[in-house]
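Structure at a glance
Listed below are the residues making up each chain.
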Amino acid sequence: MGKMLKKFVAVMTMMVALGSFALTPMAAFAAEGSAEAKLKVMSFNLRYLNDHDKPPHTWDERRSTVRQVIRMEQPDIIGTQEAVHQQVTDVAEDLPNYEWIGQGREGGNAGEFMSIYYNENRFTPLEYDHYWLSDTPEVVGSMSWGNTIPRMVTWVKFLDERSNQEFYFVNTHFDHQSEEARQKSAALISEQVKEFDPDLPVLLTGDFNAGPDSEPHNILLEQGGFVDTFTAAETSINQELGTFNGFDTYDGGGADNRIDWILSKGNVVTETSEIVDYQKNGQYPSDHYPVVSDVILQY
């Protein structure tokens, strides 16, 4: 957990069962909210810190470029994937107006994080939790479906102070090897989000390691009731690109390789979606392009 925990522990009013936390329900005391909330959402696989990425694509070299592209896009809320604890805290240090929520997929600070960064001047987290993409989602680090590393979900229920409305934000990273794991992960998330307040919008970000015509994508849309904001947008930018550039492939493998998605559920209108192909002197911020969507949550 990032700085948010320190700031909100003093006002925490109760902790609900099964490890899901409920923070001070400020919305209960506020005036009626506005009819809509406009957000800019980003999904960004940051590429994990390692000792074998070659210059100029080491984390130390890319860190400033990651900071630059996020500041350039000015997202209100970001779901990141694959970053380990040092990277998570580096990004938090580089983005002083953002707080974050997350934990390592192997528990505590161990392993990669599905962190959620949010504008601290606009959003208040009301609840959050984590679960693992397995037959035992409540068991930290659990695996069931042919994947050899744990896969997980972090979710937060937010209050948007600007509109005085609430919404859910979910962030994940599907397995890169096991198709069974990807399909069952999509089915599990589709079931889990049904436990949310059905009157509130849901935003889902992630690296799904599957294209837009894949079965995991179909499951999330058909069983989960999600909409792909990239195809639903009034304007979609860089439609010809995929999102995995591998540090050396500008087209990201083409449109069929759009494996990073922002999905929505409920009354959500997408104005613009974009695959952000920013580079700095030939240096990519990550081996994935970030994806951004301008959405309107309607109430």
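The rules behind each value
- Residues numbered from 1 in each chain as written.
- Predicted model: local features only at pLDDT ≥ 70, side-chain atom pairs only at ≥ 80, totals over all residues.
- Heavy atoms only, no water.
- Phe/Tyr/Trp six-rings, centres within 6.5 Å; stacked < 30°, edge-to-face > 60°.
- Helix = DSSP H or I, 4+ residues; strand = E, 2+ residues; numbered from the N terminus.
- Buried < 20%, exposed > 50% of the residue type's maximum accessible area, 1.4 Å probe, protein only.
- Lys NZ or Arg CZ within 6 Å of the ring centre and 35° of its normal.
- Polar contact = N/O pair within 3.5 Å; in protein donor to acceptor, adjacent residues only side chain to side chain.

An unreviewed UniProt entry annotates the protein chain as Endonuclease/exonuclease/phosphatase family protein originating from Virgibacillus sediminis.

Things to note about the packing of aromatic side chains
Across all of its chains, the model carries 12 aromatic pairs by this definition. Ring centres of Phe 123 and Phe 158 lie 5.8 Å apart, and the angle between their planes is 55°; on these two criteria the pair is classed as tilted. Residue Phe 123 is located in strand S7 (residues 123-132), and its partner Phe 158 is located in strand S8 (residues 152-160); the two are separated by 35 residues in the primary sequence. The pair Phe 123 / Phe 158 is uniform in exposure class, with both members buried. One aromatic cluster is present, formed by Tyr 118, Phe 123, Phe 158 and Phe 167 through successive ring pairs. Positioned over the ring face of Phe 226 is Lys 265, at 6.0 Å from the centre of the ring.

Topic: the side chain of Ser 115
Assignment of secondary structure puts Ser 115 in the loop between strand S5 (98-101) and strand S6 (116-119). Judged by relative accessible area, Ser 115 falls into the buried class, the value being 0%.

What to know about the side chain of Gln 81
Within the element layout of this structure, Gln 81 appears in strand S4 (residues 77-81). A distance of 3.2 Å separates a polar side-chain atom of Gln 81 from the backbone nitrogen of Asn 45.

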